[in-house]
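# Understanding the architecture of this molecule
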Amino acid sequence: MLSAIGTHGPTVSPFAMGLLNAVLFAVAIWLLVKPQQKSETWLWPLFLFVGLASVSRIAMSFIPNVMPVTIMAVMIGSKFGVQRGISFAILVTLASNAVLGHGWWSLFQIIGWASVATVASVVKVHDVEGKLLLNRLAFASLWSVPIFSIVVSISILDSGMSMIEFGLYIANGLLYDVLHFLGNVFFAVWFGQWFERLLSMNQPQDRLVQQENEHVSTF
Amino acid sequence: MMRLALLLLALLMTPLAQASSESSWTHEFESGYISTQSLIVEDTIFVRTSGFWTGEERPIVAAFEVETGSEMWRYTSQTSLQHDMAPLLFVKGGSGACGTWNDLLLVGWTDGKITAHSPTNGSIVWQNQTEVELLGITGKMALEEDRVIVPTRTGLSSFCLADGTELLDVDTGNIGWRNGVTITEKGYVYGDEFGYLHEVDRNGIVSSTYLGEGKIRHAPLDTRHGLFVHLQTSQGSTMYLNGSNIGIMGASPAMPLFHNDRIYAATSDEWISISCDAQSCSVDSIEPFHSNGELALRIVDSDVEVWAPSNTPSGGWGVFNETSLVRYETTVFDTYGTAAPGFGSGIIALGNDAGILSVQYQATTESSSEPSDIDAVGLLHYLSILLFFLLTCTSFAIKNWQQFAKTGSAFLLVVAIAVVPELSVKLAEQTAFEQSVEWDASWPDEWKETQVIVFEIDGKEHVIGGLEPQDTVYELTELACELLDITTEIEQQYLGAYLVSFNGSVGDGWEFTIDGNWAPIGMEDAQLNTDSIVEWRPV
């Protein structure tokens, strides 16, 4: 939906934008340091994911709505929980928008990906043993799209826009949602297992070996 | 490894989603006009300036790298004064009866000098002097074998290309201005400021024909029905073919062109296409237009394009086919202009009276056998669609469902990347709200059936109409703001071109409507009709 935008939300002054970014960054750090019940080793995999997601989003920014960030947010939310998922959403958005451009939409992108990660923390794409379920990840490619798109589209709502206009705006973006969905499926099918190995890089070796033996990707 | 290759492939395809393949550079000269066509020779653009020169200001000739716009060299005449309007002439190296020469850039000056420069560093290879009566050389020169034919202020001279030795000097006594010379079977033809057409044979014998009271300010055109001359008169202009009047037209005629049995001319009032058949030539088509300088011809995919600079405050260039106006080309710095564009392979060099040279690379190129970068990316995309389709079919055939899922998803994605952006714009246009916008009775009637744009800035309405048609809201906004002296701040952001402010006013943002309809697409994508009314208002 983003690429079909003709109007924009409120313009945020550089000072306000800087302040907003600082607050968001602080929230991300707080979420990272805040103790979590799970004892998973998440820090370096998460940082690696943030870097990978940011770089790939910037590199693929010329293809509208095709980026691995959404599927990565799903995997982070499912594996590390809502807290780390929100942190991931904040850090990726801040880092990639530093190149692509910050604005009012940054806030909604963060909320969008954080919402996706939150839902994924409930509708998991991993089984009880922490193994990635590709079928569920492929399904997540679908449900994550409307969540992210609707949240981000709210950024253009203003007092002068009727709900019919907003509905039309959403409808006009459906084709880009299809593109988003196809991109998600592509990243899930091609890179899902690879992403999973990165997320599991700090797990005990015996678990990794076990997972590797079970991994049957052939292409 | 396969995944890495795939990621690289995806990155290679990213340019497909970019809106435009054009890029450009500009160079603003410190002073003076660009009144003559720039020459593009391989990797170099040559351009000269003209105009009134006071104090230390002097006319120059400069060379720029086509690719980067960096200045390679410049030559400043310390003695030439004003109106340096003789077009530059590039000569390929060669040899003849009078000697051998390397590539040369020939320049005629209003102080009567002709200088031959090295195209690589601008140094003078040779120079010579012609007659001066207030002014010197102002007309178009011509090449004949080993010599250059130069229309001088009071006659005609020819010089050896190898060393600049004068081979011929003819003086008719009448002064000429922009009196370009044409080479015919019999010799050389040029006109003067008193309506005489002079034909000089190769031995220097002159025969003159009086056409009528007026001025001949272009190189006569040699057609199969005789010489064509567009005579500037006190009332307007008269077109002559082989001495016979074939039409009376508007004032200040431009320099006509002849191509494939058609003559293209222009005046302050019209653009004219004259068709020549077996018997004679006659006016075939007239379009309202204002052009007084050089016309230029370009062949694009075997179609003729005639470019005419619009010598009006809004400037720009009209692009015509054989009979009518096809489109209008504009830049952000348009103003009065008389210089024809210079053409290279996929490159257009535009100059105007503001002394600004704009070099644009265009996706639409002249007929060329070399595929462009865009073609290469398009081909890669096409091949990737084909490849993934075949792999998907193969996976299906061997019932390898895991591989089928992978190749199938990649196939659908590359197809969608090709289809979605354009389809989305079409859909957005179809579903836009249908509302009407009222014509403001205070607007001049001349604005009817033209594009009108309204800006509401800080509670005050700024409006302009009667503009040359623009394709998008973005282009119309840029043009109108230029004319209304409204400053704009436009940023390329995540969402595309984002209008930040008008006259520094940021507010809560800006939005536009077209004919009263809210457009759910960006201003770069929002297409306009020739009579669209665009309104910019704060959110």
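Our subject is the structure listed above.
Keep in mind the model is a prediction, meaning the values are calculated, not measured. (Residues numbered from 1 in each chain as written. Chains lettered and ligands numbered in written order. Predicted model: local features only at pLDDT ≥ 70, side-chain atom pairs only at ≥ 80, totals over all residues. Heavy atoms only, no water.)

## A few points about the sheet that holds strand β29 (residues 296–300) of chain B
Residues and elements named next belong to chain B.
- Read from one edge of the open sheet, four strands run β29-β30-β31-β32, paired in antiparallel fashion. The sheet terminates laterally at β29 and β32 (325–329), the two strands that pair on one side only. Neighbour to neighbour, the strand axes of the sheet diverge by 25 degrees on average, direction disregarded.
- Sheet analysis places β29 next to strand β30 (residues 303–309), joined by five bridges and oriented antiparallel. The partner of isoleucine 299 across the bridge, within β30, is valine 304. (Pairing = 2+ DSSP bridges. Helix = DSSP H or I, 4+ residues; strand = E, 2+ residues; numbered from the N terminus. Axes fitted to C-alpha atoms, helices over the stretch in contact; angles between N-to-C directions.)

## Remarks on unusual backbone geometry
Residue and element names in this part refer to chain B.
- Positive phi is not limited to glycine here, since asparagine 260 has a value of about 50 degrees.
- Here asparagine 260 shows up in the loop between β25 (257–259) and β26 (262–266).
- On the accessibility criterion, asparagine 260 (60% relative accessible area) is exposed.
- One non-glycine residue, lysine 399, lies in the positive phi region at around 55 degrees.
- Here lysine 399 lies in the loop between α2 (373–397) and α3 (401–431).
- Assessed through its relative accessible area of 60%, lysine 399 is described here as exposed. (Buried < 20%, exposed > 50% of the residue type's maximum accessible area, 1.4 Å probe, protein only.)

## Here we look at the pairing of strand β14 (residues 155–160) of chain B
All names here are of chain B.
- With six of its six residues buried, β14 lies for the most part within the structure.
- Going residue by residue along β14, you find Gly155, Ser157 and Phe159 tucked away on one face and Leu156, Ser158 and Cys160 tucked away on the opposite face as well.
- Alignment of strand β13 (residues 147–151) against β14, held across five bridges, turns out to be antiparallel. By the bridge assignment, valine 148 is partnered in β14 with phenylalanine 159.
- Here β13 hands over to β14 after three residues, the two strands then running antiparallel side by side.
- As judged from the five bridges shared by β14 and strand β15 (residues 166–171), these two strands associate in the antiparallel manner. Among the inter-strand pairings, serine 158 is bridged to a residue of β15, identified as leucine 168.
- Hairpin geometry of β14 and β15 is characterised by an intervening segment of five residues between the two adjacent antiparallel strands and by a positive phi of about 85 degrees at glycine 164.

## What about the environment of B:Glu71?
Residue and element names in this part refer to chain B.
- As for its position among the elements, glutamate 71 is in strand β5 (residues 71–76).
- Separated by 44 residues in sequence, glutamate 71 and histidine 27 have C-alpha atoms that sit 9.1 Å apart.
- Each residue touching glutamate 71, except ones within four places of it in the same chain, is listed here: His27, Ala63 and Phe64.
- A polar contact is formed between the side chain of glutamate 71 and the side chain of arginine 74, at a distance of 2.8 Å. (Contact = heavy atoms within 4.5 Å. Polar contact = N/O pair within 3.5 Å; in protein donor to acceptor, adjacent residues only side chain to side chain.)

## Remarks on helix α4 (residues 473–484) of chain B
Residue and element names in this part refer to chain B.
- Here α4 spans 16 Å end to end across twelve residues, near enough to the 16 Å set by a 1.5 Å rise per residue.
- Among the residues of α4, Val473, Leu476, Thr477, Leu479, Ala480 and Cys481 are the ones counted as buried.
- Aspartate 485, located one to two residues past α4, shows a positive phi value of around 60 degrees. (Expected span 1.5 Å × (residues − 1).)

## Quick look at the environment of B:Ser237
Residues and elements named next belong to chain B.
- In this fold, serine 237 is placed in strand β23 (residues 237–241).
- Along the primary structure serine 237 and isoleucine 248 are separated by eleven residues, whereas in three dimensions their C-alpha atoms are 5.8 Å apart.
- Ignoring anything within four residues of it in the chain, the contact list for serine 237 reads His230, Leu231, Gln232, Gly247, Ile248, Met249, Gly250, Pro253 and Thr267.

## Observations concerning the packing of helix α3 (residues 69–80) of chain A against helix α8 (residues 174–199) of chain A
Residues and elements named next belong to chain A.
- In contact at an axis separation of 8 Å, α3 and α8 are set at 45 degrees when each is read in the N-to-C sense. Accordingly, the angle class assigned to the pair α3 and α8 is oblique. Judged by the sense of rotation from one axis to the other, the crossing of α3 with α8 is right-handed. For the pair formed by α3 and α8, the contact residues are Thr70, Ile71, Met72, Met75, Ile76, Lys79 and Phe80 on the first element and His180, Asn184, Phe187, Ala188, Gly192, Phe195, Glu196 and Leu199 on the second. (Parallel < 35°, antiparallel > 145°, perpendicular 65-115°, else oblique. Left-handed = near helix turned anticlockwise from the far one by under 90°.)

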